[in-house]
Amino acid sequence: MSVRAIDSPTSSALAGRIGLERTLTLVARLREVGILLVLLVVVAIVSIQAPLFFSVSNFEQILLNVSLIAVVAVGQTTVVLTRNVDLSVGSVVGLVAFVTGDLLKEHTLDVPGAIAVGCLLGVGLGAFNGLIIAVARVPAIVATLGTLYVYRGLDFLVAGGKQVSAIDLPRGYLGIASSSVLGVPTLIVAAALIALVAAYLLRNSGVGRELYAIGSNPAAAEVIGIPTQRLIFGAFVVCGLCAGIAGVLWGSRFGSVNALAASGLELQVIAAVVVGGVNIFGGSGTVVGAVLGAILLATIENALRILHLSEFWLLAIDGAVILLAVATDAAIRGYFQRILMRTGRR
Amino acid sequence: MNQAAAPILELTGVSKRFGAVQALQNVDLQLVAHEVHALVGENGAGKSTLVKILAGIHQPDAGQMKLNGQELVLSGPAAARHLGIAVIHQHPNLFPDLTVAENVFVGRLPRNPLRGVDWGELNRAAERLFADLGVKQSVSVPVRGLSVADQQLVEIAKALSLDARVLVMDEPTASLSSREVERLFTIIRQLRARGVAILFVDHRIEEVFEIADRVSVLRDGRHVITVPIAEVTPADAIRHMVGRRLETLFPKEAATLGEVALEARGLARKGLFSDVSFQVRRGEIVGLAGLIGAGRTEVARVLFGIDHADAGEVLVAGMHADIRSPKDAMRLGIVYVPEDRHQQGLVLDFSIAANVSLPIVQRLSRLLVLDRAQEEGLASDYSKQLQVRATGVDQAASGLSGGNQQKVVIAKWLATKPTILLLDEPTQGVDIGAKAEVHRIISQLAAQGMAIVLISSELPEVLGMADRIVVLHEGRVAAEFGRDEASQERIMAAATGHAPA
C-alpha cells in the first residue's frame, strides 16, 4: 500500500484526473469571464454599427439602469442558492417605493427616516415570505407567487389611485440618484458596494458556505446539523432587504412612483441571475455572475434601442440569451461529467 | 409437486458485474409450475440483482435464460411483462393518484367506441380479478392510502390480468403484519394451485419453511445449493448463507474499555423498532448486526437526533440526554457517518477542505469571515491522518474514489472532536484495499477512547471489529453476543428470527 498521496500523485491515471479537476474548477471560475467575453463581443459589434453606443455617457446610462436590478439580483441570488426562488421582489420594490415616496410627500418623515422605514418594510415583507416557506413549508415558488399578488394589492390599497411625482419629493431625496462620488453616479457606487460585500460574504463566510451546502445537498446539510430552515428564512430576509433598498432608491431614480412601479421586475431579475450562471436548482453560482448577467441583458437592450430594432426583437433576443446561457451551462456540465465518469472509478 | 416437470423459466450460468463488484457469478436457477421456489441469502448476496435481471431491468453479462425451452432475452421491463414474467418489488410501484382499477390496467385501459376509457368495463374487469383472488377490495378508490399489503395485491391482480406464468416476489412480507402475511400466503398457495411458478425472495427463514417447496441459497453472488425444503433444516440453510471466509479481516486492536459513553434504554419508534437497549463503553466497538430493514439505521438516526424516539431514553456519559436535532447530538459529542455517502454524507461540489470544515464552519469564522488558513490546515491534518488520496485539499469531493470519499466523511466528523461515533455501513461500495484502511482507522479511533457503534451487513466485518454484537431482528434486539461467543451462524440465526439453539 502506497503511503499518503496528498501532494504526490501516484499514477498517470491519477495525474490525468488531476488535470481534469483543475480544468473543471477553472471552467467554474471562468463562467463569469465567459459572460464578460460575450459582453465585450456585443459591445464591439454594436459600436461598429452605431458609434453613438460607444460613449461614456451611454455606458453610464446602462449601468444606471442596471444598478437597481443588480441590487435586487444580489438578494435573489442568495435565495436561489438555497434551492428557492422569490417571485415577489417586483411587488416588494413597488410597495416600498410608493410608501417611501408617500412618506416624503406628506412630510411625515425626513429623508433618512423614510429611507430607514422603506428598508425595514422590505425586511418585513421578506421575513413574511421566509415564514411561509421555512416555517409553514410552502414551496417558495407558490408562496412568493401568492405574495407577489398580495404585496401588489397592498400597493394599490396604499396608493388608492394617487401618484407621487418629482415635484412632491424633497431635493435631498432626488439628489441621491443625480449625485455622484468621484465622478461616478452614487446609484452605481451603491449597487457595486452592495454586490461586492454580498459576493465577499457568500464566498468567505461560514454562513455563505452553509447556504451553498443547503442548495447543493440538502440531506447532507441536515445531517451535519446546519439549521437549514433558519438559513432559508434568513436568505428571504436578505432578499427582502435588497428589494427594499432598490425600492427606496426607485423614486429617487425615476422621480415618479405609482402603484404599478416595478411590475414584472422579478422576471428581469431572475433572467439576470440565470444568465449569470447561478444554478436555478441551487448550490452554485455567484453574485458577481448575476450582476454581470444583469449588465449583459441591459447592454443588449440598450444596443437594440440604439439600433432602432423593434420591441419584438428585444424580447426575442432576451429570450435567446437566456436559453443560450442555460444550454451552454448544461452542455459544459454534461461534457465534464461524462469525462469524469470515464476516467473515474465511480 | 411434479418434480419431473420441465422448468418454465431456466437460468444457466448467469453472471452480472457492476464496476468492480461481481454481483452474480455463474448462477443457475429453475422455476417450475405449481411450485414456490424460495431464494435466500445475506444482504448483498445477489438476490436483488437476480430479481432485476428477471424483471428485465438489468441484462446479464453472461449466461443463458430460457422460457419454456426457448432462449429468452429481456430488453426491458416491458418485454418481461409481455412474456408473462411479473415482478412484485418490495415497494410496489403504483400511481398513487390513480384508482385501483386504473393501476391494474394502466397502459391497457379498455376503450369505448369513442376511444374514451370504458370505465364500466374497466371496473368490472378489475372487480373480477379481485373476486378471483378472494379479496374484498373497492376498485374505484385511489391507491394512495392503501396499506403496503393491499398495494401488493393490486400488483398481484395486475400480474394476473397479464396472465403471468412466472411471479417473482422480492421480500413481499418485509413490511406486512402477521395477519397480512397469512392472507398473502393463502393467495400464493392459490396461485401455485393454478400453475404459476413463483420465486419467493425472502430473508425470514421461518416464512420460507412455511411457504416454499424448494429453496435456493445465494452467497456472494454465487449459487450455493438448491434443495427441496423437506430435505433441509433452517440451521442448514443458515449455514449455507454464511460461511464466508474471514481472511480479509482487519482485527480490532486491543483497547482498554472505559466507562459507559452511550446507553440506549428501551428506545422505540413506532412501526420501525421497539425496546432497543444497549450500552457502548469508551474504547469499545459495538456491532449492530441485522438484515436490511431490521431497524439498525433507524436506531442510529434517533441517536443522532434526525428522527425522534416515541419511547425510551438515551444516556450520554450516564446523564439523560435530550437529543432533538443533529446539533444537540453533536454538542454531546455524537456524530453519525450515514450509509449513503452521496445523499447524506458529502457535498460533492465542495472541495475536500470545504467538506471537512462544514460542520464547524461557524467556529472557524471570525466576524463572519472564514479563516481559510485554519480550514486548510485542519483539512490537511485529517487528510494525512486518514491517508486520503487526493491532489490536495482543494480537490473537489466528486473526483475522489469511494474509499477516499468515505475517509473525507469521517474526517469531517473527526474535526468536531466527537466522543461517540455512529458508523453506518462504512465500507459499503469501498474496494478491498480501502476497506482495510477504514478498518484500521476505526480501530485506532477506538484505541484513542472513542465509543463506536458499527452498523454493518458484512458479518466478517462485524465479527472482526466488534467487541460486542447486538443483533436486531424486525426492530427488536434478538440477541447480544460477546466477541468470543459470536459466530456467523449464531448472528445469522438471530437476524433471521430463527431462535438460537
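The subject of this paragraph is the overall build of chain A. A tally of helices and strands in chain A yields 13 helices and two strands. Counting all 346 residues of chain A, 45% fall into the buried class. Sequence-distant contacts, at least 24 apart, represent 78% of the contacts inside chain A between residues at least 6 apart.

This brings us to the overall build of chain B. Across its full length, chain B holds 17 helices and 22 strands. A compact globule built from 501 residues would reach a C-alpha radius of gyration of about 23 Å, and chain B, at 25 Å, matches this within 12%. Overall, the C-alpha framework of chain B stretches about 75 × 55 × 45 Å when taken along its three principal axes. Taking all 501 residues of chain B together, the buried fraction comes to 50%.

Attention shifts here to unusual backbone geometry. A positive phi angle, close to 70°, is found at A:R83, a residue other than glycine. Topologically, A:R83 is positioned in the loop between α2 (56-81) and α3 (89-105).

A separate point is the environment of A:A246. All names here are of chain A. Note on placement: A246 falls in helix α10 (residues 228-254). For the pair A246 and G283, spaced 37 residues apart in the sequence, the C-alpha separation amounts to 25 Å. Those residues in contact with A246, other than ones at most four positions away along the chain, are L68, V71, V72 and V93.

Before going further, it helps to examine the confidence of the model for chain A. For chain A, mean pLDDT is 86; residues scoring 70 or higher make up 88% of the total. Here residues 1-15 of chain A is a poorly scored stretch, pLDDT under 50, and it has 18 contacts once near neighbours within four places are set aside; other chains count.

Residues and elements named next belong to chain B. Where burial is concerned, most of strand β19 (residues 420-424) is hidden: five out of the five residues are buried. With four bridges connecting them, strand β16 (residues 334-337) and β19 associate as parallel partners. Bridging across to β19, Y336 finds its partner in L422. Summarising the sheet, β19 and strand β20 (residues 451-455) pair through five bridges and their orientation is parallel. Looking at the pairing, D424 lines up with I455 of β20.

All names here are of chain B. Its 14 residues give helix α13 (residues 372-385) an end-to-end C-alpha distance of 20 Å, which sits within 8% of 20 Å, the value for a rise of 1.5 Å per residue. All of the buried residues along α13 are E375, L378, A379, S380, Y382 and S383. Packed against the buried residues of α13 are α12 (352-357), β18 (369-370) and α14 (402-414). Q387 sits one or two residues past α13 and shows a positive phi near 55°.

Attention now goes to the sheet that holds strand β13 (residues 285-289) of chain B. All names here are of chain B. Strands sit in the order β16-β19-β20-β13-β21-β22 across an open sheet of six strands; the sheet is mixed. Taken across any chain shown, the strands that pair with only one partner, and hence form the sheet edges, are β16 and β22 (476-482). Averaged over all pairs of adjacent strands, the angle between strand axes in this sheet comes to 20°, irrespective of strand direction. In this structure, strand β21 (residues 468-473) lies alongside β22, joined through six bridges in antiparallel fashion. By the bridge assignment, L472 is partnered in β22 with V477. On top of the sheet, helix α17 (residues 488-495) reaches β13, β21 and β22; it is set at about 30° to β21, its chief contact.

Here we come to the pairing of strand β14 (residues 311-316) of chain B. Residues and elements named next belong to chain B. Where strand β11 (residues 260-269) lies against β14, five bridges are found, and the strand directions are antiparallel. Among the inter-strand pairings, A264 is bridged to a residue of β14, identified as V314. Sheet topology places β14 next to strand β15 (residues 319-321); three bridges connect them, and they run antiparallel. Bridging across to β15, L315 finds its partner in H320.

Judged by nonpolar contacts, the single largest core of 262 residues is most densely connected at A:V72 and B:L454. With 15 residues, the single largest contributor to this core is α10(A). Residue contacts for B:L454: discarding those within four places in its chain leaves B:I285, B:V286, B:G287, B:L288, B:L423, B:I442, B:V462, B:M465 and B:A466.

Let us look at the packing of helix α4 (residues 119-133) of chain B against helix α5 (residues 148-161) of chain B. Residue and element names in this part refer to chain B. At a minimum axis separation of 10 Å, α4 and α5 run at an interaxial angle of 105°. Here α4 lies roughly perpendicular to α5, going by the angle between them. When α4 is examined against α5, the residues A126, L129, F130, D132 and L133 are found in contact with a partner set consisting of L153, I156, A157, L160 and S161. Per-class residue counts for the contact of α4 with α5 are eight nonpolar, one polar and one charged.

Residues and elements named next belong to chain A. By the secondary structure assignment, A290 is in helix α12 (residues 287-306). Overall, A290 belongs to the buried group, with 34 C-beta atoms counted inside 10 Å. It is 13 Å that separates the C-alpha atoms of A290 and L39, two residues lying 251 residues apart in sequence. For A290, the residues in contact, after removing those within four places along its chain, are A73, T77, A272, V273, G276, V278 and G285.

Attention now moves to the packing of α2(A) against α10(A). Residue and element names in this part refer to chain A. Running from amino to carboxyl end, α2 crosses α10 at an angle of 170°, the nearest separation of the two axes being 8 Å. It follows from the interaxial angle that α2 and α10 lie roughly antiparallel. Counting all contacts with α2, which are made through L68, V71, V72, V74, G75, Q76, T78 and V79, the residues of α10 involved are A235, F236, V238, C239, L241, C242, A243, I245, A246, L249, W250 and R253. Here the residues of the contact of α2 with α10 are counted per class, giving 16 nonpolar, three polar and one charged.

Cut-offs used in this document
The residue count restarts for each chain, going from 1 along the sequence in the order it is written. Chain letters start at A and ligand numbers start at 1, both assigned in the order the entries are written. Local features in a predicted model are, by the rule used here, given only for residues with pLDDT of at least 70; side-chain atom pairs are given and counted only at 80 or more, and totals for whole chains, interfaces and linings are based on all residues. Put simply, DSSP marks the helices as runs of H or I at least four residues long and the strands as runs of E at least two long, and each gets a number from the N terminus on. With C-beta atoms placed from the backbone, a residue is labelled by how many other C-beta atoms lie within 10 Å of its own: buried for 20 or more, exposed for 12 or fewer, partly exposed between the two. Two residues qualify as being in contact provided that their C-beta atoms, derived from the backbone, are within 7 Å of each other. The globule rule used here is 2.2 Å times the number of residues to the 0.38 power, and the radius of gyration it is set against is calculated over C-alpha atoms. Scored between 0 and 100, pLDDT is the confidence that the predictor attaches to each residue. Here, a strand pair is defined by DSSP locating no fewer than two bridges between the strands. Helix span is expected to be 1.5 Å times the residue number reduced by one. Angles here are taken between N-to-C directions and fall from 0 to 180 degrees, while the axes themselves are lines fitted to C-alpha atoms, restricted in helices to the stretch in contact. In plain words, the nonpolar core is the set of buried Ala, Val, Leu, Ile, Met, Phe, Trp, Tyr and Cys residues that C-beta atoms within 7 Å link up. Angular relationships are summarised with four words: roughly parallel below 35 degrees, roughly antiparallel beyond 145, roughly perpendicular across 65 to 115, and oblique for the angles in between. Polar here means any residue outside two lists: the nonpolar Ala, Val, Leu, Ile, Met, Phe, Trp, Tyr, Cys and Pro, and the charged Asp, Glu, Lys and Arg; Gly therefore counts as polar.

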